[in-house]
Amino acid sequence: MNIKNNINNFRQNLPERCNLIAVSKTQPISAIQEAYDAGQRVFGENKVQELVPKFEALPKDIQWHMIGHLQSNKVKYIAPFVHWIHAVDSVKLLDEINKQANKAQRVIACLLQVHIATEETKFGFSADEIRSLLLEPTFEKYKHIKIHGLMGMATFTDNHDQVRREFKSLRKIFDDLKTLSLPANVDLKELSMGMSGDYKIAIEEGSTMIRIGTALFGERNYH
Ligand SMILES: *Cc1c(COP(=O)(O)O)cnc(C)c1O
């Protein structure tokens, strides 16, 4: 794997609206440094216990995105530095992010995860749940959170039509929410969808953030 070439290829071919999140989970510091040296500054991790030591070891101008399912009791470890949290999937988690961001005197950018896949194992709100959550008069109490958009994961399948349908449904939910009169801590601009296997479809369906791991770094080595 030539990480530098991969980064450059992605950069050259992405539409301007779309950002590349380099998903570095399970990758060693040396691989992340290589991507950094190629100019990449935005990285995604899905485990708190991996994110914290990488944050400590690597240059401080990296923007770290927590992209995976996040347990409330671990928010405190990342709240002081995390740039974005992609997979906010419960009110309990929102409450905790707000509390820990307050302690750290920060406002943390968040995306609400929508359940678009047919797999039960994937997390996220339904469209109706997000709508009623954002329209609750009390939503403005989250002073240390800014909701910047939605995130979704398509079903893991070779069926491209299904993947496209799922991304289309996320885009539709996003567009419908944008027509509502939303609280000040909500500014819907970003749609985080697309991974190594399905990012082309995601971009065609309006993604603004693709989360790419294996296509940049090669296969992951889980010990
Ligand atoms: C691992 C992961 C990715 C990247 O997956 P690849 O198929 O390696 O590109 C994207 N999003 C989330 C939430 C992940 O956990």
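First, a word on what this report is: a plain description of the structure on this page. Here the structure is a predicted model, which is why all the values come from computation and not from measurement.

Considerations on the site of the ligand
Inspection of the region around the ligand gives Val23, Lys25, Asn46, Ile67, Met153, Met195, Ser196, Arg211, Ile212, Gly213, Thr214 and Arg220 as its neighbouring residues. Measuring from an oxygen atom of the ligand, one finds a backbone N or O atom of Gly213 at 2.8 Å. The contact in question runs from an oxygen atom of the ligand to an N or O atom on the side chain of Arg220, over 2.7 Å. Compared with its free state, where it exposes 390 Å², the ligand has 91% of that area covered by protein. Among the cavities detected, the one that contains the ligand is the largest pocket. Considered class by class, the residues forming the shell around the ligand number 5 nonpolar, 4 polar and 3 charged.

Observations regarding the pairing of strand S2 (residues 42–45)
Of the two faces of S2, the one lined by Val42 and Gly44 and the one lined by Phe43 and Glu45 are each fully buried. Relative to S2, strand S1 (residues 19–23) is paired through 2 bridges, and the arrangement is parallel. Considered in S2, the bridge of Val23 is made with Gly44. Traced from S1 through helix H2 (residues 29–37) to S2, the parallel crossover comes out right-handed. Sheet topology places S2 next to strand S3 (residues 63–66); 4 bridges connect them, and they run parallel. If you follow Val42 over to S3, its bridge partner there is Gln63. Following the chain from S2 across helix H3 (residues 48–57) to the adjacent parallel S3, one finds a crossover that is right-handed.

Procedures and definitions
- Residues numbered from 1 in each chain as written.
- Predicted model: local features only at pLDDT ≥ 70, side-chain atom pairs only at ≥ 80, totals over all residues.
- Heavy atoms only, no water.
- Near = heavy atom within 4 Å.
- Polar contact = N/O pair within 3.5 Å; in protein donor to acceptor, adjacent residues only side chain to side chain.
- Areas by Shrake-Rupley, 256 points an atom, 1.4 Å probe, with all protein chains shown as cover.
- 1 Å grid on protein atoms, 1.4 Å probe; cavity = no way out; pocket = protein on both sides within 12 Å on 5 of 7 lines; lining within 4 Å.
- Sits in = over half its atoms within 2 Å of the grid points.
- Nonpolar A, V, L, I, M, F, W, Y, C, P; charged D, E, K, R; others polar.
- Buried < 20%, exposed > 50% of the residue type's maximum accessible area, 1.4 Å probe, protein only.
- Helix = DSSP H or I, 4+ residues; strand = E, 2+ residues; numbered from the N terminus.
- Pairing = 2+ DSSP bridges.
- Right-handed = clockwise from strand over helix to strand, strands pointing away.

Any functional reading would require information beyond the geometric quantities listed.
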